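Tertiary structure, described
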Amino acid sequence: MSATKEQMTPSTAASAARDSSTELLPPVDLRSDTVTKPTPEMRRAMAEAEVGDDVYGEDPTVNRFEQRAAEMFGREAAIFLPSGSMGNLIAMRIHTRPGQEIICEEWGHILNFEMASMSAIACCMPRPIRTPDGILTWPLVKEAIRPKIYYRAQTGLICCENTHNMQGGVILPQHVGDEICDEAHAAGLPVHLDGARIFNAAVALGKSVRELTHKFDSVMFCVSKGLGAPVGSLLTGSRSFIEQARIHRKILGGGMRQAGVIAAAGLVALEKSPARLHIDHDNAKFLAEALARMPGIRVDSRKVNTNIIIFDVSGTGMTSAEISQKLSVRRVYINGVNAALMRIVTHQDVDGAGCQRALEELARIIGRAA
Ligand SMILES: Cc1ncc(COP(=O)(O)O)c(C=O)c1O
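Residues numbered from 1 in each chain as written. Predicted model: local features only at pLDDT ≥ 70, side-chain atom pairs only at ≥ 80, totals over all residues. Heavy atoms only, no water.

From N to C terminus, the protein includes 15 helices and twelve strands. Taken over the C-alpha trace, the protein has a radius of gyration of 21 Å; the compact-globule value for 370 residues is 21 Å, and the two agree within 12%. Dimensions of the protein, computed from the C-alpha atoms along their principal axes, are close to 60 × 55 × 35 Å. Taken across its 370 residues, the protein has 55% of its residues classed as buried. Nonlocal contacts in the protein, meaning residues at least 24 apart in sequence, comprise 75% of its contacts between residues at least 6 apart. Surface accessibility of the protein: about 15600 Å² in total, with carbon and sulfur atoms responsible for 54%. Separation of charge centres in the protein, based on 41 positive and 41 negative side chains, amounts to 3 Å. (Helix = DSSP H or I, 4+ residues; strand = E, 2+ residues; numbered from the N terminus. Rg over C-alpha atoms; globule rule 2.2 N^0.38 Å. Buried < 20%, exposed > 50% of the residue type's maximum accessible area, 1.4 Å probe, protein only. Contact = heavy atoms within 4.5 Å. Areas by Shrake-Rupley, 256 points an atom, 1.4 Å probe, with all protein chains shown as cover. Lys, Arg positive; Asp, Glu negative; His and termini not counted. Charge placed at Lys NZ, Arg CZ, Asp CG, Glu CD.)

With that settled, the discussion passes to the site of the ligand. Around the ligand sit 13 residues in total, of which Gly84, Ser85, Asn165, Asp194 and Arg197 are the nearest. Take Ser85: an N or O atom from its side chain is 2.6 Å from an oxygen atom of the ligand. Here an oxygen atom of the ligand and a side-chain polar atom of Arg197 are 2.8 Å apart. About the coverage of the ligand: the protein hides 84% of its 380 Å² of free accessible area. The biggest single contributor to the shell around the ligand is helix α4 (residues 84–95), with three residues. (Near = heavy atom within 4 Å. Polar contact = N/O pair within 3.5 Å; in protein donor to acceptor, adjacent residues only side chain to side chain.)

Let us look at the pattern of salt bridges. Inspection of every chain in the model, using the stated rule, returns 18 salt bridges. With a shortest N-O distance of 2.8 Å, Asp33 and Arg197 are connected by a salt bridge. Taken as a pair, Asp33 in the loop between β1 (28–29) and α2 (40–48) and Arg197 in the loop between β6 (191–194) and α9 (198–205) lie far apart in primary sequence, 164 residues in all. Per residue, the accessibility class of Asp33 equals that of Arg197, and both read buried. Linking Glu271 and Arg68 is a salt bridge whose minimum nitrogen-to-oxygen distance equals 2.5 Å. On the criterion of sequence distance, the pair formed by Glu271 in helix α12 (residues 260–272) and Arg68 in helix α3 (residues 60–72) is long-range, its members being 203 residues apart. Given the relative accessible area of 40%, Glu271 is considered partly exposed. Note on Arg68: relative accessible area 23%, which makes it partly exposed. The network of salt bridges with shared partners includes Arg330, Arg357, Glu361 and Arg364. (Salt bridge = Lys/Arg side-chain N within 4 Å of Asp/Glu carboxyl O.)

All right, on to the pairing of strand β9 (residues 308–312) then. The buried fraction of β9 is high, at five of five residues. Here β9 shows two buried faces, one formed by Ile308, Ile310 and Asp312 and the other by Ile309 and Phe311. The pairing of β9 with strand β12 (residues 341–345) spans five bridges and is classified as antiparallel. Note on β12: the bridge partner recorded for Ile309 is Ile344. (Pairing = 2+ DSSP bridges.)

In this structure the tally under the stated criterion is three cavities of 30 Å³ or more. Considering only enclosed or pocket space, the largest cavity measures out at about 80 Å³ in volume. Lining the largest cavity are Cys104, Glu105, Gly108, Ile110, Gly134, Ile135, Leu136, Cys159, Cys160, Glu161, His164 and Leu172. Elements with a contribution of two residues or more to the lining of the largest cavity: β3 (101–105) and β5 (155–161). The element that contributes the greatest number of residues to the lining of the largest cavity is β5, accounting for three residues. For the lining of the largest cavity, the residue count by class is seven nonpolar, three polar and two charged. (1 Å grid on protein atoms, 1.4 Å probe; cavity = no way out; pocket = protein on both sides within 12 Å on 5 of 7 lines; lining within 4 Å. Points joined across faces, edges and corners; volume = space filled by probe spheres on them. Nonpolar A, V, L, I, M, F, W, Y, C, P; charged D, E, K, R; others polar.)

Its twelve residues give α4 an end-to-end C-alpha distance of 17 Å, which sits within 8% of 16 Å, the value for a rise of 1.5 Å per residue. When you tally the buried positions in α4, you get ten out of twelve residues, the bulk of the element. Burial in α4 covers these residues: Gly84, Met86, Gly87, Asn88, Leu89, Ile90, Ala91, Met92, Ile94 and His95. Sitting at the amino-terminal end of α4 is Ser83, which places a side-chain oxygen 3.1 Å from the backbone nitrogen of Met86. (Expected span 1.5 Å × (residues − 1).)

This paragraph deals with the domain arrangement of the protein. When the domains of the protein are assigned, the result is domain 1 (20–37 + 275–369) and domain 2 (40–273). Measuring from the centre of the C-alpha atoms in domain 1 to the corresponding centre in domain 2 gives 28 Å. Contacts between the two partners involve 19 residues from domain 1 and, on the opposite side, 19 residues from domain 2. Broken down residue by residue, the surface that domain 1 buries against domain 2 is led by Leu277, Thr306 and Ile308, which jointly contribute 31%. Taken together, the connections running from domain 1 to domain 2 amount to one salt bridge. Inspection of the region where domain 1 meets domain 2 yields ten residue pairs in polar contact (both at pLDDT 80 or more). Looking at the side of domain 1 that touches domain 2, the element that brings in the most residues is helix α13 (residues 277–292), giving three residues. Per-class residue counts for the side of domain 1 that touches domain 2 are five nonpolar, nine polar and five charged. (Domains from an automatic or database assignment. Buried area = accessible area lost by both parts, 1.4 Å probe.)

Next comes the structure, spelled out in structure tokens:
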């Protein structure tokens, strides 16, 4: 997969040309689960949230949120952060020293979409691993670990991603993640989990997030994606790890004050949203199966098990950017990954009827091109 400027353009929706007939169409935004808007219950909780200064540790809603997250993940502590990128960065800074290498999957978010913070701020080098399906395995990781020779950069951290965003929401199977953690620990290496969408994996596997993640040294997860909260991510780990994370959050300018207003929505997301994620997964499966039947589109629908679909449009004779643009005129928003690939992410704000409309618009555009 090669990335081009089509990648993840946030402006597709804004640039859509409109006429009076399309104004009436409800928008179907499948660019990402980050576009979800807070539910009425979240908005009520936000309006009523008890707040205080969280930098002083005095926001009761943030404190409850962090305690609840730690409990759900079976950890000693958790910290509320403005973003998942900050969570991954803080974990990298704590686990590594400048000049070390971080092993990650070639298409990992931490390497491709976090502004090179791994090198710019954590002062580490990525050691990316190419995988056939987005799943890092211990045999692949083992090959990439640097020998302990003083004149070679040392491996400082292994980072896994579950579910894997740019590999079609693929789930890291529990036994594979467990093996990486056991073997890495035996080799004296920490393992961080970018679990931005770990609840999607847990729901798809019928397991708890605690069970799925208990061997990782630290876990970052987002409430601002499929769980539907407006802002925020959490980092969980041991008490001493989270104490260090508080220092790094402040260094990075991420200390928040009356953050209970957003934590309140996060609490609702944690308690309520996992129970509905299976709907997003069913919608993604439905879309993938329909896409697989469309002329010029290639996707293996058997591999779609969560809420992300990456599909190849090169057989349609159009680029992803052309298709995106034509769809946006009809108020359907789907981004390209590169010229050949597009990505759909299902979520709470697009129901079955919305998915059906996206398919119809796509079929019409492809039909015209054929
Ligand atoms: C797998 C993964 N990790 C981390 C992040 C970063 O989250 P944020 O956008 O909150 O920085 C994302 C965002 O899309 C993601 O998909």
